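# Chain and residue survey
Residues per chain, in single letters:
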Amino acid sequence: MKDIKSNQFRVNQPIKIKEVNTTFSLNAEEKTIKKELKNTRKALATWQDKLYAHGKYSVLVCLQGMDTSGKDSLIREVFQGFNSRGVVVHSFKTPSKKELRHNYLWRHYIALPERGKFGVFNRTHYENVLVTRVHPEYILGENIPHIQSLEDIDEVFWETRMEEIKNFEKTLVQNGTIIFKFFLHISKEEQKSRLLRRLQKPEKTWKFSPGDLEERKLWDEYQNCYEKAINKTSTEKAPWYIIPSDDKDTARYLVAKILHEKLQEYADVQEPTVEPKVLEHLQHYINELSNE
């Protein structure tokens, strides 16, 4: 099986999204990939236990991708071995009336993981420069004082918003949050295949909405917005990783492998040492309990 490094998928310089592959060969059979994912998943779960005990960092995993890119199943397969007390998943849908009465980042702030925990954002704060950029009329619902009409939502508005997002992430990193941002990159042909499967398999039809086809017509616009957002907001401490996702097993393994590789850099994350007085009387405590 091919050895991979995170830098192969990290965005370190401006990219043209049409030039980035949606497929990647690990030179391995499906069963081998699944086995390696299982092993990596176990290693991540062990690291999560140390993170929880250490209690000084949190980890935020951000997943973005076109509809059918595999976000839900990736979460299930990559994080299934985690202790449930140490990982929280948030799926951000259309903002509620209450959320719209706050600034657009508010609902993401209150969903951030506590120290010692993993947080997974299934769709993220980047929806505010993706969906809203394709559908700028949604911005009017935010009731921003200086935005009176669509004409007020210009390029300066989007540049400002992306700077705000970068500052949001910078603040998180400075306060102990380790950020991973993954774009699950699929081809338009693969999305068509997956949408057809939703329609043809009764157990998956519930996932389909006629609106999926309307959004598909805007494919090029979405790709353009992703390209701009990724290029503008991939930073040293909060980089983007573009994950070839036409094959789900490969995508899941790549995400797990990148997480495990990069988290090993935090060598200070260790379980707390036992107090000397506890160690000194350890046998006494064992005897006391054994002789109850």
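Residues numbered from 1 in each chain as written. Predicted model: local features only at pLDDT ≥ 70, side-chain atom pairs only at ≥ 80, totals over all residues. Heavy atoms only, no water.

With that settled, the discussion passes to the environment of Tyr 138. Positionally, Tyr 138 belongs in helix H6 (residues 137–140). A relative accessible area of 44% places Tyr 138 in the partly exposed class. Considering only alpha carbons, one finds Tyr 138 and Asn 128, ten residues apart in sequence, at a separation of 9.5 Å. If sequence neighbours within four positions are ignored, Tyr 138 has contacts with Val 131 and Thr 132. (Helix = DSSP H or I, 4+ residues; strand = E, 2+ residues; numbered from the N terminus. Buried < 20%, exposed > 50% of the residue type's maximum accessible area, 1.4 Å probe, protein only. Contact = heavy atoms within 4.5 Å.)

A few words on helix H10 (residues 219–233). In a regular helix each residue adds 1.5 Å, so 15 residues correspond to 21 Å; H10 covers 21 Å between its end C-alpha atoms and thus fits that length. Of all the positions in H10, only Trp 219, Tyr 222, Gln 223, Cys 225, Tyr 226, Glu 227, Ala 229, Ile 230 and Thr 233 are classed as buried. (Expected span 1.5 Å × (residues − 1).)

Our focus in this paragraph is the sheet that holds strand E4 (residues 177–185). Here five strands make up an open sheet; going across it, the order is E2-E3-E1-E4-E5 and the pairing parallel. At either margin of the open sheet sits one strand with a lone partner, and together these are strand E2 (87–91) and strand E5 (240–244). Going from strand to strand, the sheet's axes swing by 20° on average, the running direction of each strand aside. Summarising the sheet, E4 and E5 pair through five bridges and their orientation is parallel. (Pairing = 2+ DSSP bridges. Axes fitted to C-alpha atoms, helices over the stretch in contact; angles between N-to-C directions.)

Moving on: the pattern of salt bridges. When the charged atoms of two side chains with opposite charge come close together, those side chains can pair. For the structure on display, the rule yields 21 salt bridges. Notably, a salt bridge pairs Glu 163 with Lys 166, separated by 3.6 Å at the nearest N-O pair. Here Glu 163 and its partner Lys 166 are both found in helix H7 (residues 155–174), three residues apart, which amounts to about one turn of the helix. Using a relative accessible area of 31% as the deciding quantity, one classes Glu 163 as partly exposed. With relative accessibility at 24%, the residue Lys 166 sits in the partly exposed group. One salt bridge in this structure joins Glu 169 and Lys 181, with 2.9 Å as the shortest N-O distance. Within this pair, whereas Glu 169 is found in helix H7, its partner Lys 181 is found in strand E4, the two being separated by twelve residues in sequence. Pair check on accessibility: Glu 169 and Lys 181 agree, each one buried. When salt bridges that share partners are traced, they join Glu 159, Glu 163, Lys 166 and Lys 232 into one network. (Salt bridge = Lys/Arg side-chain N within 4 Å of Asp/Glu carboxyl O.)

On the surface, Lys 201, Lys 204, Lys 207 and Lys 248 cluster together into a positively charged patch. Its place among the elements puts Lys 201 in the loop between helix H8 (188–200) and helix H9 (210–216). (Patch = residues over 30% accessible without salt bridge, like charges linked within 9 Å, V, L, I, M, F, W, Y side chains within 5 Å. Areas by Shrake-Rupley, 256 points an atom, 1.4 Å probe, with all protein chains shown as cover. Lys, Arg positive; Asp, Glu negative; His and termini not counted. Charge placed at Lys NZ, Arg CZ, Asp CG, Glu CD.)

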